[in-house]
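Here is what each chain is made of, one letter per residue.
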Amino acid sequence: MPNRMDSMLSKGAGMMKGVKARLEGLTGVFKTLAEQHGEVGAMLKRLQSKPEKKAELWPEIRRELLSHERGEMREVYPVLRQHVQTRALAEHHDQEAAEMERLIERLDAAPSDEWRSLYDQLVDAVIRHANEEENDIFPKAQEAIGDQAAKDLEPRFLAAKKQVMVVA
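Conventions we followed
Residues numbered from 1 in each chain as written. Predicted model: local features only at pLDDT ≥ 70, side-chain atom pairs only at ≥ 80, totals over all residues. Heavy atoms only, no water. Axes fitted to C-alpha atoms, helices over the stretch in contact; angles between N-to-C directions. Helix = DSSP H or I, 4+ residues; strand = E, 2+ residues; numbered from the N terminus. Parallel < 35°, antiparallel > 145°, perpendicular 65-115°, else oblique. Left-handed = near helix turned anticlockwise from the far one by under 90°. Phe/Tyr/Trp six-rings, centres within 6.5 Å; stacked < 30°, edge-to-face > 60°. Buried < 20%, exposed > 50% of the residue type's maximum accessible area, 1.4 Å probe, protein only. Expected span 1.5 Å × (residues − 1). Core = buried A, V, L, I, M, F, W, Y, C linked by side-chain atoms within 4.5 Å. Contact = heavy atoms within 4.5 Å.

Digging into the packing of helix α3 (residues 54-81) against helix α4 (residues 84-109)
Packed helices, taken two at a time, are described by their axes: the angle between them and the distance between them. α4 packs onto α3 with a crossing angle of 160° between their chain directions and a minimal axis gap of 10 Å. With respect to α4, the axis of α3 lies roughly antiparallel. Our pair here, α3 against α4, has a crossing hand that is left-handed.

A closer look at the packing of aromatic side chains
With the rule as written, the count across this model stands at 4 aromatic pairs. With centroids separated by 5.3 Å and ring planes inclined at 40°, the aromatic side chains of phenylalanine 30 and phenylalanine 138 adopt a geometry described as tilted. Taken together, the residues phenylalanine 30 in helix α2 (residues 28-49) and phenylalanine 138 in helix α5 (residues 112-167) connect sequence positions 108 residues apart. Judged by its relative accessible area of 0%, phenylalanine 138 falls in the buried class. Plain terms: the ring middles of tryptophan 115 and tyrosine 119 are 4.9 Å apart, the flat faces sit at 10° to each other, and that makes the pair stacked. Here tryptophan 115 pairs with tyrosine 119, and both are found in helix α5, just 4 residues apart, close to one helical turn.

A word on α2
An α-helical turn contains 3.6 residues, so any two residues separated by three or four positions project in the same direction. With 22 residues, α2 extends 32 Å between its outermost C-alpha atoms, agreeing within 8% with the 32 Å of an ideal straight helix rising 1.5 Å per residue. By the criterion of burial, α2 is predominantly enclosed, with 16 of the 22 residues buried.

Focus on the nonpolar core
Formed by 21 residues in total, the largest nonpolar core has its most connected members in Trp58, Ile61, Leu65, Tyr119 and Leu122. At the level of elements, α2, α3, α4 and α5 are the ones that each hand at least two residues to this core. Broken down by element, the residue count for this core peaks at 7 residues, all from α5. With near-sequence residues (within four places) excluded, isoleucine 61 lies in contact with Val40, Met43, Leu44, Leu47 and Tyr119. Counting 18 residues, the second-largest nonpolar core is a separate cluster that includes Leu26, Leu33, Val76 and Val79.

Interpretation in functional terms is not warranted from these geometric data alone.
Right, here's the structure in full:
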């Protein structure tokens, strides 16, 4: 469990991402997803700069990444598959999400001398994935499904994320 300072840094980064997303016209689920990207991104970077926090931060990072992706795959991306302009983006997302899950599995089984290198790969993959979603996928998805559907999708995503968080 992250300490209070780590939690504050994470929440602050999430709030900043949320403000940026809103300024760029993202609403509902897409704004929430961007906020979560900011939060987990801050935790990823914190662990990267302070490897001694592995026991404290890794379980939370792992839980957040898996529940976020599984929540997206359960609620958000099936909706995007229904629209021609976002169908290919949804397929691409599924490939990246599967890659991330494989990296997490490898990290869980990695000996300590290989862990850092694999973790750096995960950080790079997650940051790249989040940037792609925020800059390419979410704006196109927002346009395809509209503001109201994006707002309606938010509680469904949050419920799915919460439901799978226990399993992750």
